[in-house]
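Examining the three-dimensional arrangement
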Amino acid sequence: PCLVVAGEKDYGIRFYGVPAGFEFTTLLNTIQLVGRRESGLRPETRQRLAELKEPLDISVFVTLTCPYCPMMAHLAHRFAFESDKVTASVIDAGEFPVLANLHNVTSVPKTVVNRQHHFEGAMPEERFLSELLRGIQQPA
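Note that the structure is a prediction, hence the values are computed from the model and not measured.

**Focus on the sheet that holds strand β2 (residues 13-16)**
In a beta sheet, neighbouring strands pair by backbone hydrogen bonds and run either parallel or antiparallel. Reading across the sheet, the six strands line up as β1-β2-β4-β3-β5-β6 and stay open at both edges, with mixed pairing between neighbours. The strands lining the two open edges of the sheet, one partner per strand, are β1 (2-4) and β6 (117-120). The average angle at which neighbouring strand axes cross in this sheet is 15 degrees, direction not considered. With seven bridges joining them, strand β3 (residues 56-62) and strand β4 (residues 86-92) adopt parallel strand pairing. Each bridged residue has a counterpart across the sheet, and for Asp 57 the counterpart in β4 is Thr 87. Relative to β2, helix α1 (residues 23-36) is tilted by about 160 degrees, and along the sheet it contacts β1, β2, β3 and β4.

Written out as C-alpha cells, the structure is:
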C-alpha cells in the first residue's frame, strides 16, 4: 500500500507500507504538517531548498519497531513540504524487501538520495541537509 498526504496540492509526501508501530506517529505528524501549512524548518534550510535547481528524491527506509526512524521520516516529509523540487518517500523495509535489498538496507533508518547517495542513522536537520546536497552533487 501507498499513502499520499496532500493538502492544497500534492507535496510529494509518500508512505509505502502500513503506518503502524512507531511509524503511526510519522503519519500523524505529517498530517499535522500539511494541515498547519508550516514545515518548521530553519530559515537557512528553507533558503537552501529554495535554491535547488535539480529534483531531489528522498527515500527513507524504516521498520515499524525502530524508535529512531520516525525522526528521519518526518524530517524528509518536512523537506518535501517546503520545496516543490523535493519528493520524500518513507518505505517500510519489511513490506518491500526487494527494494530494501536493492539499496542494501541492513540497518534503519537508511536514507537514499536520488537512488545513488545513501546514509544511515538519525541526524539533525543541518546534517541531513548537508547529506542531501552531497547526493545531488554525485555523478549518476
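Right, picking up where we left off after that structure.
**A closer look at the nonpolar core**
The biggest cluster of nonpolar side chains holds 34 residues, and the ones touching the most others in it are Ile 13, Leu 56, Ile 58, Phe 79, Val 86, Phe 128 and Leu 132. Mapped onto this core, the elements with two or more residues apiece are β2, α1, β3, α3 (69-82), β4 and α5 (125-137). At eight residues, α3 tops the list of elements feeding residues into this core. Aside from chain neighbours lying at most four places away, what touches Val 86 is Tyr 11, Leu 49, Leu 52, Leu 56, Ile 58, Phe 79 and Ala 80. Counting six residues, the second largest nonpolar core, distinct from the first, contains Ile 91, Ala 93, Val 105 and Val 112.

**Some words on the side chain of Arg 14**
Note on placement: Arg 14 falls in strand β2. With sequence-adjacent residues up to four places away left out, Arg 14 is seen in contact with Cys 2, Leu 3, Val 4, His 77, Ala 88, Ser 89 and Val 90.

**Concerning the packing of aromatic side chains**
This structure, assessed with the given rule, holds four aromatic pairs. Three or more aromatic residues link up through ring pairs in this structure, and these residues are Phe 79, Phe 119 and Phe 128.

About the thresholds
Residues numbered from 1 in each chain as written. Predicted model: local features only at pLDDT ≥ 70, side-chain atom pairs only at ≥ 80, totals over all residues. Heavy atoms only, no water. Pairing = 2+ DSSP bridges. Helix = DSSP H or I, 4+ residues; strand = E, 2+ residues; numbered from the N terminus. Axes fitted to C-alpha atoms, helices over the stretch in contact; angles between N-to-C directions. Contact = heavy atoms within 4.5 Å. Core = buried A, V, L, I, M, F, W, Y, C linked by side-chain atoms within 4.5 Å. Buried < 20%, exposed > 50% of the residue type's maximum accessible area, 1.4 Å probe, protein only. Phe/Tyr/Trp six-rings, centres within 6.5 Å; stacked < 30°, edge-to-face > 60°.

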